[in-house]
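# Fold and contact review
Each chain is listed here by its residues.
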2 protein chains.
Amino acid sequence: MDKIKVGIYGYGNLGKGVELAISNNPDMELVGIFTRRNPSSISPLFKTSKVFSTDDVLKMKDKINVMILCGGSATDLPMQAPELANNFNIIDSYDTHAKIPEYFSKIDEISKNANTLSLISCGWDPGLFSLNRCLFESILPNGENYVFYGKGLSQGHSDAIRRISGVKNAVQYTVPYDESVESVRTGKNPHFPSVREVMWRECFVVLEDGANPKKIEKEIKEMPNYFEPYNTVVHFISEKELKEKHSGMPHGGFVLRSGKTSDSVNQIAEFSLKLDSNPEFTASVLVAYSRALYRLKKQGLTGAITVLDVPFSFLSTKSRNELLKEIL
Amino acid sequence: MDKIKVGIYGYGNLGKGVELAISNNPDMELVGIFTRRNPSSISPLFKTSKVFSTDDVLKMKDKINVMILCGGSATDLPMQAPELANNFNIIDSYDTHAKIPEYFSKIDEISKNANTLSLISCGWDPGLFSLNRCLFESILPNGENYVFYGKGLSQGHSDAIRRISGVKNAVQYTVPYDESVESVRTGKNPHFPSVREVMWRECFVVLEDGANPKKIEKEIKEMPNYFEPYNTVVHFISEKELKEKHSGMPHGGFVLRSGKTSDSVNQIAEFSLKLDSNPEFTASVLVAYSRALYRLKKQGLTGAITVLDVPFSFLSTKSRNELLKEIL
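Residues numbered from 1 in each chain as written. Chains lettered and ligands numbered in written order. Predicted model: local features only at pLDDT ≥ 70, side-chain atom pairs only at ≥ 80, totals over all residues. Heavy atoms only, no water.

## Points about the overall build of chain A
Counting its regular elements, chain A contains 10 helices and 14 strands. On C-alpha atoms alone, chain A measures out to a radius of gyration of 22 Å, which is about the 20 Å that the 2.2 N^0.38 rule sets for 328 residues. Projected onto its principal axes, the C-alpha coordinates of chain A cover approximately 60 × 60 × 35 Å. Expressed as a percentage of the 328 residues in chain A, the buried residues total 58%. In chain A, of all internal contacts separated by at least 6 residues, the share reaching a separation of at least 24 is 68%. Carbon and sulfur atoms form 48% of the exposed surface of chain A, whose accessible area is close to 14,300 Å². Averaged over its 39 positive side-chain charges, chain A has a centre that lies 4 Å from the centre of its 39 negative ones. (Helix = DSSP H or I, 4+ residues; strand = E, 2+ residues; numbered from the N terminus. Rg over C-alpha atoms; globule rule 2.2 N^0.38 Å. Buried < 20%, exposed > 50% of the residue type's maximum accessible area, 1.4 Å probe, protein only. Contact = heavy atoms within 4.5 Å. Areas by Shrake-Rupley, 256 points an atom, 1.4 Å probe, with all protein chains shown as cover. Lys, Arg positive; Asp, Glu negative; His and termini not counted. Charge placed at Lys NZ, Arg CZ, Asp CG, Glu CD.)

## Side note on the packing of helix H2 (residues 76–85) of chain B against helix H3 (residues 100–114) of chain B
All names here are of chain B. Two elements in contact, H2 and H3, have axes separated by 8 Å at closest approach and are oriented at 20°. Regarding the angle of H2 to H3, the classification is roughly parallel. Here the hand of the crossing between H2 and H3 comes out right-handed. For the pair H2 and H3, contact is made by Leu-77, Pro-78, Ala-81, Pro-82 and Ala-85 and by Tyr-103, Lys-106, Ile-107, Ile-110, Ser-111 and Ala-114, respectively. (Axes fitted to C-alpha atoms, helices over the stretch in contact; angles between N-to-C directions. Parallel < 35°, antiparallel > 145°, perpendicular 65-115°, else oblique. Left-handed = near helix turned anticlockwise from the far one by under 90°.)

## Describing the state of the cysteines
Residues and elements named next belong to chain A. Counted according to the given criterion, the structure contains 0 disulfides over all chains. With no disulfide of its own, Cys-70 lies closest to Cys-122 among cysteine sulfurs, the gap being 11 Å. Classification of Cys-70 as buried rests on a relative accessible area of 9%. (Disulfide = S-S within 2.5 Å.)

## Remarks on the relation of the copies chain A and chain B
Relative to chain B, chain A is turned by 180° and slid 0.0 Å along the rotation axis, the superposed coordinates differing by an RMSD of 0.1 Å. When the rotation and shift are considered jointly, the pair of chain copies conforms to a two-fold rotation axis. A shared interface surface links the copies, since 99% of the contact residues of chain A are contact residues in chain B too. (Least-squares fit on C-alpha atoms with pLDDT ≥ 70 in both.)

## Digging into the sheet that holds strand E3 (residues 51–53) of chain A
Strand order in the open sheet formed by 7 strands is E3-E2-E1-E4-E5-E6-E14 (chain A), with parallel pairing between adjacent strands. One side of each edge strand has no neighbouring strand; the edge strands of this open sheet are E3 and strand E14 (303–305) of chain A. (Pairing = 2+ DSSP bridges.)

## What to know about the pattern of salt bridges
Scanning the model with the defined rule gives 34 salt bridges over all chains in all. In this structure, the salt-bridge partner of Arg-185 of chain B is Glu-270 of chain B, at a minimum N-O distance of 2.6 Å. Here Arg-185 of chain B is found in helix H6 (residues 178–185), whereas its partner Glu-270 of chain B is found in strand E13 (residues 265–275), with 85 residues between them in sequence. Bridged by salt links that share partners, the residues Glu-137 of chain A together with Lys-318 and Glu-326 of chain B form one connected network. (Salt bridge = Lys/Arg side-chain N within 4 Å of Asp/Glu carboxyl O.)

## A closer look at the nonpolar core
Leu-128, Tyr-289 and Phe-312 of chain A together with Leu-128, Tyr-289 and Phe-312 of chain B are the most contacted members of the largest nonpolar core, which has 154 residues in total. The next biggest cluster of nonpolar side chains, apart from the first, holds 13 residues, and it includes Ile-164, Ala-170, Cys-203 and Met-223 of chain A. (Core = buried A, V, L, I, M, F, W, Y, C linked by side-chain atoms within 4.5 Å.)

## What to know about the packing of aromatic side chains
Two measures describe an aromatic ring pair: the distance that separates the ring centres and the angle between the ring planes. Evaluated as defined, the whole model comprises 25 aromatic pairs over all chains. Note on Trp-124 of chain A and Tyr-149 of chain A: the rings are 6.5 Å apart at their centroids and 50° apart in plane angle, and the pair reads as tilted. Here Trp-124 of chain A, found in the loop between strand E6 (117–119) and helix H4 (128–139), pairs with Tyr-149 of chain A, found in strand E7 (residues 143–149); they are 25 residues apart in sequence, far enough to count as distant. Of the residues examined, Trp-124 of chain A reaches a relative accessible area of 7% and is grouped as buried. For Tyr-149 of chain A, a relative accessible area of 28% gives the class partly exposed. Grouping aromatic residues by their ring pairs yields a cluster made of Trp-124, Phe-129, Tyr-149 and Phe-271 of chain A together with Phe-136 of chain B. (Phe/Tyr/Trp six-rings, centres within 6.5 Å; stacked < 30°, edge-to-face > 60°.)

Following this line, the structure appears as structure tokens:
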């Protein structure tokens, strides 16, 4: 069998996750990791993984079936995706929800002109959660959607704390309130007046020598948008404890719909994730959808698509007969 | 907008659920209910619903876009589906898992020859659970799938008790063990040596006058396949209590995959349902997928397909732009 030839563009946590995920899928082959840094400065997880400079990416145009973009949504992807979509079939996890329509139509136009296929915003949210929002709403039109995040590490909020003067290091977890989760799961269809009732934020902070904990705690709790709208708890811990207990990147959450099919008949559908590693899971989603992207391109599809356009049979290594027998 | 014209073939609990579900979807129109009984003996839920004899179904061939089959899997569907697929685009919830491949290929051949499109085995299992089995396994190839059913009413097991001499009426619930569910949800990846560790069966039985409860309890508990492999609890209650407390048809369950993306990194994905009414929910799935069937047929697709072949965007009444903006 011809393997699907994959490239990794960008080598942070997500890129490493993709390298791992490819190793878990025998029908995939990693052609190379592309980095903006000096390739010789990079130690890939597997010795067999080749590292190239992003400057050389166009030389590999004919050797790669799918390029998996592993840069950040804020600045990397809007810059990299248009250029790469002009030369490769690309897949990314672009997650700036408000800008997705604009991003989609840009990549769609480029890909159509270049005769490539691009799958954008593929991860767990946007991605698997979007799939379930669409499915649930279609099946239960009279209902209410709920989305909860956590317990999980928020990279953005951790960064915001680290930028405070006097803070040496920090980790922030988003934690849903058990009672709110429970009231949703038991079909009470609650209305939450604000996010404060849905989740709270727990911070583990390492101080610089001589920093004032009272002042820093106040600064965190009053930070607009990031912490002010929430109940926030701040713990000061040692660098050692932070490294030991808070160096993973767990996350998760759920999409739930509670809807009525007739007057007194309530139906609840829920999709939930409990992840030890957010980047490794997102990477696994990207790799499964790379298989679908490769197959859909083979069928002649071009332009931009999302997870909502991909039948699940395209994700599986199983044949139609195996799917009918073992999965259905 | 032209509405999607739907027929209901068979008018039991599922057929009634479809009648309700169509009323919840403004882009759908019920053309008629087809029954083997005397149409004038049927009182539909809505006065506006027309009832016809199944004998007259072929006369409606050009008036119906999608025929939703609501008969039973054991005997009705294998007889009705081939005939109807020869004349209509059909959708059913055929759920005899072991026979799906054979059933699929029969309907596929008929539909291709007749230039119709048929979506088989569409409900929650097979159906939504199958989708998630496929998705989870594709994303987390190194892992273990778990499926739990209940708490919910099992029609087959209730019927089996009712067939015992001395039993006037009975209802049986399948109940998963909390500890087993918990060990799966917390990622312990347990191995269950038998179904006895996964779920138990709770029976509510109304006796005929003079029947011997001890004897009947023994007969239930020792019934091969149905009850012998499980721990079973039998309660004897009055007909009045049965009617009052056990006349709903709740069900539910979940598909969960626990998989590793690297050595010590475990990831858990779960899809769960908590249904007040099993038939009304299955009907809602059928109606959402009828929309997809109609659209896929318009694109020229013929033959048999399953839920695994349908992109979720086809289920939604939202436009591509709305999906990008509101759902993704």
